[in-house]
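Chain by chain, the residues:
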Amino acid sequence: MSMTKIAFAGALGCAVLAGSALAQQALPIPPLQHAVPSDGLNAAQMRGQDVFRTTCEHCHGPGRGMPGTSSLAVKYQDTAPAIPALIEERTDLTPELVEFFVRNGSGAMAPYRKTEVSDDQLADLAAYLSRPRP
Amino acid sequence: MPMLPPGISQETFDQALARFREAVGGDNVYSSDEDVALYRDAYSPFWGEPEEKLASAAVAPATTEEVQAVARIANELHIPIYPISTGRNLAYGGSAPPYSGSVVLDLKRMNRVLEVDERGAYALVEPGVSYFDLYNHITERGLDVWIDPPDPGWGSVIGNALDGGGGWTAYPFRDHFGAHCGMEVVLANGEVVRTGMGAVPGSKTWQQNRWGCGPWVDGLFRQSNFAIVTKMGFHLMPRPEAFISANVSVQNDQDVIPMMDTLNLLENMHQVNGSTGLGAGFGGGGAWSCTVPIYGPERVIREQMAFAKAKFEEIPGATVNVGELIRTPLTPEQYEQVRLVNFGIPNLSTFAMLTRSPMNPNPAGGHIGFSPLIPRTGEGLLEFRDFYRDNLEEVTQGENLGIVGPVFMTNWERSLVALIMFPIGRDVEMNRKMRAAFTRWVELAAERGWAEYRSPVAFMDEVADTYSFNDHALRRLRETLKDAIDPNGIISAGRYGVWPKHLRQT
């Protein structure tokens, strides 16, 4: 599993902290971990990764307390060849499959409306999750 | 084609949709089967049955002015509309309306955090702002205030408060409606009203004094259908310096009575301000336990904990284990160990109870909750525990339906919520059994003087019926208000059992 550990407030930079009298306080932004770094992504994939981090990662990210990830780990525990529980690490996803699950949901996951994930954002997300891997 | 609003002709509906498109932009009106289906309640106990509540279309304004325009059009053409915030009120109806054929007024695009004042410790937000959004806004600016998230962080700050939701940090912040301060609402005729000090032009205290002068009306917009809330202020908690908690155990069943008396004393004195967890003595006897969480300055809460410990130790046989003091902000290591909502950090980990697990490889997917308010006393706990045990077989017809309960929730002071959870999925026959069980719990609880604090859409009429003192005088008062404020009955028909005159059953 590739995993990038993001330090507390590391992505914030100094500028956004400067306005506060308590700027020295480094406050955590969840999730602390991203499964996939942004290196090498094209523009659409990068936008798709942003959608993933905003909308999907709170349930399908790495680390503890991720019901989507833990649920898929159970679902695919006996699958051969192995399918990763982290959907960002899967290589078998097609854009159509990503779009189906976002618009139809699955189990406890309710579908996402277009005011939550627009068609353009969904296309980017699908491009990201189905990106070719080396 | 999606269904039409009842009593509305195709021609009138087409006219309404055309005018909605002019008001909010064509891309923000959804009327195709595919798009409207996204507004179904994924956790509906009527999923796939004729009684499932469905929308006719959806309109997504981005500003208060656009909400006004939509309201005026709907009011003129008598189109029923159903405002939602983020639409994630799962288990309580999601984004589906209580009245089939309503046009969903989807406020998700109104997602601006308008203000967070660190010194005054308050925020002003729009309905589409989720707990994640507000948390990110605060942390990206390094502001030293906490939000109070409920279990699922994707919900609307406004929507959760308006539906009566609660969270998990210190009182009073975890009573989400109670922690609000000031509203902006759009009436059915399109008029904008600001409440409290917001009614004063140039007011500098809208989020600092919730009462203003004269009759206070904010409560009219909680769990209601009198207006569309477009802004709301909330008091935030300055980041507490530290947190400490203790576990208290008592040995005998009846010891829960002095345990709760002690806990109540400490909470009512505001010496314990965190959200207590209760471990129940199920099975008819045995130990009870509670947690005693306190937020505040380190030196102060150490003394408060010492006071609390001594009080609990007055109960014969009680044991009190004080946990390690946790200073804030959390370290990365602490972040991985604590329950995040207790530290003002939104997340979605609660959905683990619904998703696949080694113990439950084929979950139903959704759930609904029956959640009556009961007295916050040991006697209240014992009575509800025995009530649940004694009636479970009758309610379930002797079948194991996977119902879980009771879980005693302590989000609010002075009362408890006794939560019973029902799995909901796509099996029509199982859902029918769940509905029958839910209805029976409502009836049985009402016989004891218990009623719900909040209800899934499918049971709002039944729950409203239990508030029946003096031949339903409260309902009649609400109907009088509804008729006065929304005479055409366009907003959220049926929400929490309040129907407009033309849909009222005599």
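Just so you know, these numbers come straight off a predicted model, no measurement behind them.

K.L.:
Explain the overall build of chain B here, please?
P.N.:
Along chain B, the regular secondary structure elements total twelve helices and 21 strands. Computed over the C-alpha atoms, the radius of gyration of chain B is 23 Å, within 12% of the 23 Å expected from 2.2 N^0.38 for a compact globule of 506 residues. Seen through its principal axes, chain B has C-alpha atoms that stretch 75 × 60 × 50 Å. Across the 506 residues in chain B, those meeting the buried criterion constitute 58%. Accessible surface computed for chain B: about 20,100 Å², of which carbon and sulfur atoms make up 51%. Here chain B holds 43 positive side-chain charges and 61 negative ones, and the gap between their average locations is 3 Å.

K.L.:
Whenever I open this one, the pattern of salt bridges confuses me. Can you help?
P.N.:
A side chain of one charge can pair with a side chain of the opposite charge if their charged atoms are brought near each other. All names here are of chain B. A full pass over the atoms with the stated rule returns 37 salt bridges over all chains. The shortest N-O distance in the salt bridge between Arg389 and Asp386 comes to 3.3 Å. Separated by three residues within a single helix, Arg389 and Asp386 lie in helix H9 (residues 378-396), roughly one turn from each other. A relative accessible area of 42% means that Arg389 is categorised as partly exposed. A salt bridge links Asp483 to Arg504; the nearest nitrogen and oxygen atoms lie 2.6 Å apart. Here Arg504 lies in the segment after helix H12 (469-485) and Asp483 lies in helix H12, a separation of 21 residues in the sequence. A relative accessible area of 23% places Arg504 in the partly exposed class. What you see here is one network of salt bridges that share partners, running through Asp253, Arg385, Asp386, Arg389 and Asp390.

K.L.:
Even after reading the chapter, I still don't get the packing of helix H6 (residues 256-268) of chain B against helix H7 (residues 298-312) of chain B, so can you show me in this structure?
P.N.:
Helix packing for two helices is described by the angle between their axes and how far apart those axes are. All names here are of chain B. The interhelical angle for the contact between H6 and H7, taken along N-to-C directions, is 155°, at an axis separation of 10 Å. One way to sum up the angle between H6 and H7 is to call them roughly antiparallel. For the crossing formed where H6 meets H7, the hand is right-handed. Seen from H6, the contacting residues are Met259, Thr262, Leu263, Leu265 and Leu266; seen from H7, they are Phe307, Ala308, Lys311 and Phe312. Grouping the amino acids of the contact of H6 with H7 by side-chain chemistry returns seven nonpolar, one polar and one charged.

K.L.:
Quick question: what am I supposed to make of the interface of chain B and chain A here?
P.N.:
The parts lose accessible area when they come together, and the size of an interface is often stated as this lost area. Between chain B and chain A, the contact holds 50 residues from the first and 36 residues from the second. Taken over both partners, the interface formed by chain B and chain A buries close to 3,700 Å², and the fraction arising from carbon and sulfur atoms is 60%. A per-residue breakdown of the area chain B buries against chain A is headed by Leu38, Arg88 and Arg356 of chain B, which together make up 19% of the total. The tally of links between chain B and chain A comes to three salt bridges. As a salt-bridge pair, Arg88 of chain B and Glu116 of chain A come within 2.8 Å of each other at their nearest N and O atoms. Viewed at the interface, chain A and chain B are joined by eleven residue pairs in polar contact (both at pLDDT 80 or more). Counting residues per element, the ones that place at least two in the side of chain B that touches chain A are helix H2 (33-37), helix H4 (131-140) and helix H8 (332-335) of chain B. Looking at the side of chain B that touches chain A element by element, the count peaks at five residues for H4 of chain B. Classifying every residue of the side of chain B that touches chain A gives 25 nonpolar, twelve polar and 13 charged.

K.L.:
For this particular structure, what's the right way to read a nonpolar patch on the surface?
P.N.:
A surface patch of nonpolar side chains, about 320 Å² in accessible area, is lined by Leu373, Tyr467, Leu474 and Leu477 of chain B. With respect to the secondary-structure elements, Leu477 of chain B resides in helix H12.

K.L.:
How do you make sense of the domain arrangement of chain B when you look at a structure like this?
P.N.:
All names here are of chain B. On domain assignment, one finds that chain B holds domain 1 (10-106), domain 2 (113-238), domain 3 (242-328), domain 4 (352-465) and domain 5 (473-503). Taken together, the six residues of domain 4 in the interface contact six residues of domain 5. Regarding the contact of domain 4 and domain 5, the summed buried area is about 510 Å², with carbon and sulfur atoms giving 49% of it. Summed over the three residues of domain 4 that lose the most area to domain 5, namely Met460, Asp461 and Ala464, the buried surface amounts to 73% of that side. When the shortest N-O distance is used, the salt bridge between Arg475 and Asp465 registers 2.1 Å. Along the contact surface separating domain 4 from domain 5 lie three residue pairs in polar contact (both at pLDDT 80 or more). Among the residues forming the side of domain 4 that touches domain 5, the class breakdown is two nonpolar, one polar and three charged.

K.L.:
How do you make sense of the packing of helix H3 (residues 95-104) of chain A against helix H4 (residues 119-129) of chain A when you look at a structure like this?
P.N.:
All names here are of chain A. Close contact between H3 and H4 brings their axes to 8 Å; oriented N to C, the two are set at 130°. On the basis of the axis angle, H3 is oblique to H4. Judged by the twist between their axes, the crossing of H3 over H4 is right-handed. Where H3 abuts H4, its residues Pro95, Val98, Glu99, Val102 and Arg103 lie against Asp119, Leu122, Ala123, Leu125, Ala126 and Leu129. Tallied by class, the residues present in the contact of H3 with H4 amount to eight nonpolar, no polar and three charged.

K.L.:
I would appreciate a short explanation of the side chain of Ser455 of chain B in the present structure.
P.N.:
Residue and element names in this part refer to chain B. With respect to the helices and strands, Ser455 occurs in the loop between strand E21 (451-452) and helix H11 (460-466). Judged by its relative accessible area of 1%, Ser455 falls in the buried class. Engagement of the side chain of Ser455 in a polar contact is seen with the backbone nitrogen of Met460, the distance being 3.5 Å.

Conventions used here
- Residues numbered from 1 in each chain as written.
- Chains lettered and ligands numbered in written order.
- Predicted model: local features only at pLDDT ≥ 70, side-chain atom pairs only at ≥ 80, totals over all residues.
- Heavy atoms only, no water.
- Helix = DSSP H or I, 4+ residues; strand = E, 2+ residues; numbered from the N terminus.
- Rg over C-alpha atoms; globule rule 2.2 N^0.38 Å.
- Buried < 20%, exposed > 50% of the residue type's maximum accessible area, 1.4 Å probe, protein only.
- Areas by Shrake-Rupley, 256 points an atom, 1.4 Å probe, with all protein chains shown as cover.
- Lys, Arg positive; Asp, Glu negative; His and termini not counted.
- Charge placed at Lys NZ, Arg CZ, Asp CG, Glu CD.
- Salt bridge = Lys/Arg side-chain N within 4 Å of Asp/Glu carboxyl O.
- Axes fitted to C-alpha atoms, helices over the stretch in contact; angles between N-to-C directions.
- Parallel < 35°, antiparallel > 145°, perpendicular 65-115°, else oblique.
- Left-handed = near helix turned anticlockwise from the far one by under 90°.
- Contact = heavy atoms within 4.5 Å.
- Nonpolar A, V, L, I, M, F, W, Y, C, P; charged D, E, K, R; others polar.
- Buried area = accessible area lost by both parts, 1.4 Å probe.
- Polar contact = N/O pair within 3.5 Å; in protein donor to acceptor, adjacent residues only side chain to side chain.
- Patch = residues over 30% accessible without salt bridge, like charges linked within 9 Å, V, L, I, M, F, W, Y side chains within 5 Å.
- Domains from an automatic or database assignment.

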